[in-house]
Amino acid sequence: MTTLLPTTTAGSLPKPLWLAAPNTLWSPWKLDGDELVAGKRDAVRLAVDDQRRAGIDIVGDGEQTRQHFVTTFIEHLDGVDFTKRETVRIRNRYDASVPTVVGAVSRPTSVFVEDARFLRAQTDRRIKWTLPGPMTMIDTLYDAHYRSREKLAWEFACILNEEARELAAAGVDIIQFDEPAFNVFFDEANDRGIAALERAAEGLTAETAVHICYGYGIKANTDWKTTLGSEWRQYEQTFPNLRKSTIDIISLECQNARVPMDLIELIRGKKVMVGAIDVATDAIETPEQVAATLRNALRFVDADKLLPATNCGMAPLSRDVAQGKLRALVAGADIVRGEILAHSPPVTACV
């Protein structure tokens, strides 16, 4: 049976304090060896249980087995040297020391497939898995081999497709590619980034999603947002071409953002993950605040294509705050779902 307005998250959830430091992005593991393997699995069980208790419909692993949403995938690839570091500008916002591409990149073995199988065994609900997108991957490295962003992005797209096909075979229902770089490098996204994304999603039996947000609530991101003015119109640059793409679902930031909601009209016909939870604040939304965001979005997306979600991952938040936000998301969706069912003929959801 399908669910109208199925709720989900953009990706990460806070890690338990015994696994990594709380309220910290990309914190080092507190365990190692076999204890780390067992700890990650226990953390996935907790993340699934938190989502189940909150009533989330499409469940993720909370990215509990990953330290970083991009580099944890890259660590498993050949051709990238993590001991050879260079400083680069990440998404034109902040400098970071990153690993170097020193040779042809390849995937010697699957990266997340066993973790996905474990997630699949924890729940009978639909599951979603997140992968980094090709453009965001190349923006997180120094390329000393290809010396071509286009070539490296295409190589990563082919590698991602290999991984995504195995994830789908392992029972993943939705595979999401995270592409925050699409909100910065507009010409590159339109000229070749969307094509690379489609290559990563080519031939998949699972549904595909692309997540494009304004980032975690870290200082570099919040400082950048203050420069964007009274309206954040970045989506306007890529949505027309994403509407024509083969990607099934577009995930965007809405709650407490200055994104004009009518930009969703530019992707009319696509399924839309509407970010109705702000991850840059500890304040827990009320169900009515969530409902108001969803009602606003419903002016531009049909109810059977709307997925209430979070703006971005919630890794830097405390578990108590994240759990409260999950409950608010579900309660707000329940309000709007009830309104739709009370005032309209039955709607058959597509997810």
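Up top is the structure.
The structure reproduced in this document is the subject of the present report. This structure is a prediction, so every number in the text was calculated from the model and none was measured.

About the cut-offs
Residues numbered from 1 in each chain as written. Predicted model: local features only at pLDDT ≥ 70, side-chain atom pairs only at ≥ 80, totals over all residues. Heavy atoms only, no water. Phe/Tyr/Trp six-rings, centres within 6.5 Å; stacked < 30°, edge-to-face > 60°. Helix = DSSP H or I, 4+ residues; strand = E, 2+ residues; numbered from the N terminus. Buried < 20%, exposed > 50% of the residue type's maximum accessible area, 1.4 Å probe, protein only. Lys NZ or Arg CZ within 6 Å of the ring centre and 35° of its normal. Pairing = 2+ DSSP bridges. Contact = heavy atoms within 4.5 Å. Axes fitted to C-alpha atoms, helices over the stretch in contact; angles between N-to-C directions. Parallel < 35°, antiparallel > 145°, perpendicular 65-115°, else oblique. Left-handed = near helix turned anticlockwise from the far one by under 90°. Nonpolar A, V, L, I, M, F, W, Y, C, P; charged D, E, K, R; others polar. Core = buried A, V, L, I, M, F, W, Y, C linked by side-chain atoms within 4.5 Å. Right-handed = clockwise from strand over helix to strand, strands pointing away.

1. Details of the packing of aromatic side chains
Inference 1: Applying the stated rule across the entire model yields 7 aromatic pairs.
Inference 2: Between Phe112 and Trp129 the ring centres are 5.9 Å apart and the planes differ by 45°, which places this aromatic pair in the tilted class. In this pair, Phe112 is assigned in the loop between strand S3 (94-106) and helix H3 (113-122) and Trp129 in strand S4 (residues 126-132), connecting sequence segments 17 residues apart.
Inference 3: Note on Trp129: relative accessible area 0%, which makes it buried.
Inference 4: Sitting above the plane of the Trp224 ring, Arg93 keeps its charged end 3.7 Å from the centroid.
Inference 5: Arg149 extends its terminal NZ or CZ atom over the ring of Phe185, reaching a point 5.2 Å from the ring centre.

2. Looking at the sheet that holds strand S8 (residues 249-253)
Inference 1: Strands sit in the order S1-S4-S6-S7-S8-S9-S10 across an open sheet of 7 strands; the sheet is parallel. Among the strands making up the open sheet, the edge pair consists of strand S1 (58-59) and strand S10 (306-309).
Inference 2: Relative to S4, S1 is paired through 2 bridges, and the arrangement is parallel. Within the sheet, the bridge partner assigned to Val59 lies in S4 and is Ile127.
Inference 3: The sheet contacts of H3 involve S1 and S4, and relative to S4 the element is tilted by about 160°.

3. Overview of the packing of helix H1 (residues 33-54) against helix H10 (residues 319-343)
Inference 1: One can describe the packing of H1 onto H10 by two numbers: an axis separation of 8 Å at closest approach and a directional angle of 40°. By the angle class used here, H1 and H10 are oblique. Like other packed secondary-structure pairs, H1 and H10 cross with a definite hand, here right-handed. Of the residues in H10, those touching H1 at Leu46, Asp50, Gln51 and Ala54 are Arg319, Gln323, Leu326, Arg327 and Val330.
Inference 2: Split by residue class, the contact of H1 with H10 holds 4 nonpolar, 2 polar and 3 charged.

4. Re the nonpolar core
Inference 1: With 104 residues, the main nonpolar core has Leu131, Ile175 and Ile264 as its most contacted residues.
Inference 2: Not counting residues up to four positions away in its chain, the partners in contact with Ile264 are Leu252, Val272, Val274, Ala297, Phe300 and Val301.

5. Regarding the pairing of strand S2 (residues 78-90)
Inference 1: Across 9 bridges, the pairing between S2 and S3 is antiparallel. Counterpart to Asp78 in the pairing with S3 is Ser106.

6. A few points about the pairing of strand S9 (residues 271-275)
The side chains of a regular strand alternate between both faces of the sheet.
Inference 1: By the criterion of burial, S9 is predominantly enclosed, with 5 of the 5 residues buried.
Inference 2: In S9, alternate side chains face the same way, and those of Lys271, Met273 and Gly275 on one face and Val272 and Val274 on the other are all buried.
Inference 3: Where S8 and S9 come together, 5 bridges link them in parallel fashion. Each residue of the ladder has a partner; that of Ile250, found in S9, is Val272.
Inference 4: Across 4 bridges, the pairing between S9 and S10 is parallel. Note on S10: the bridge partner recorded for Val272 is Leu306.
Inference 5: Handedness of the crossover joining S9 and S10 through helix H9 (residues 287-297) is recorded here as right-handed.

Everything listed is a geometric property; what it means functionally is a separate question.
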